[in-house]
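Residue-level structure breakdown
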Amino acid sequence: MPSRAHPEAPPPLNLARLAAGAPGTWVTLPGAEVRVLALDAKQTGLRASGWLVCLTGEALIDLSEGDFVRLRASEAHRLTPADDWEALPVKAATVLMLVPDESGR
């Protein structure tokens, strides 16, 4: 019985490497609203409703009214469009990922 040829699966996408290609700039994943950022200096955040995820390193997220969140690798913080925020890298090679809500598309 002949075997069926299966299409080759695409290689995995390394998000940290993708972000590192354009430090300080939000990079949008192909075909998605998900964005990644290699955080090399203080950065003003995007207004969005969704999850801000720290993929690598560590970041201090400065929120309005003196609040802040420290995100370590694999930790996330929920954002709303009303949030004014800035991100500051605490460790080298910090990469953030912004995953917007479905309704935000």
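Provided above is the structure to which this section pertains.
Residues numbered from 1 in each chain as written. Predicted model: local features only at pLDDT ≥ 70, side-chain atom pairs only at ≥ 80, totals over all residues. Heavy atoms only, no water.

1. Details of unusual backbone geometry
Of note in this structure, serine 74 is not a glycine but carries a positive phi near 75 degrees. By the secondary structure assignment, serine 74 is in the loop between strand E6 (68-72) and strand E7 (76-79). Note on serine 74: relative accessible area 67%, which makes it exposed. Residues other than glycine seldom take positive phi values, yet alanine 93 does so here, at roughly 60 degrees. Here alanine 93 lies in the loop between strand E8 (85-89) and strand E9 (94-100). A relative accessible area of 63% places alanine 93 in the exposed class. (Helix = DSSP H or I, 4+ residues; strand = E, 2+ residues; numbered from the N terminus. Buried < 20%, exposed > 50% of the residue type's maximum accessible area, 1.4 Å probe, protein only.)

2. What about the environment of aspartate 101?
Within the fold, aspartate 101 resides in the segment after E9. Put simply, aspartate 101 and glutamate 33 are 68 residues apart on the chain and 9.2 Å apart in space, counted from C-alpha to C-alpha. Aside from chain neighbours lying at most four places away, what touches aspartate 101 is Ser49, Gly50 and Arg78. In terms of polar contacts, aspartate 101 uses its side chain to reach the side chain of serine 49, at 2.5 Å. Polar side-chain contacts of aspartate 101 include one of 2.8 Å to the side chain of arginine 78. (Contact = heavy atoms within 4.5 Å. Polar contact = N/O pair within 3.5 Å; in protein donor to acceptor, adjacent residues only side chain to side chain.)

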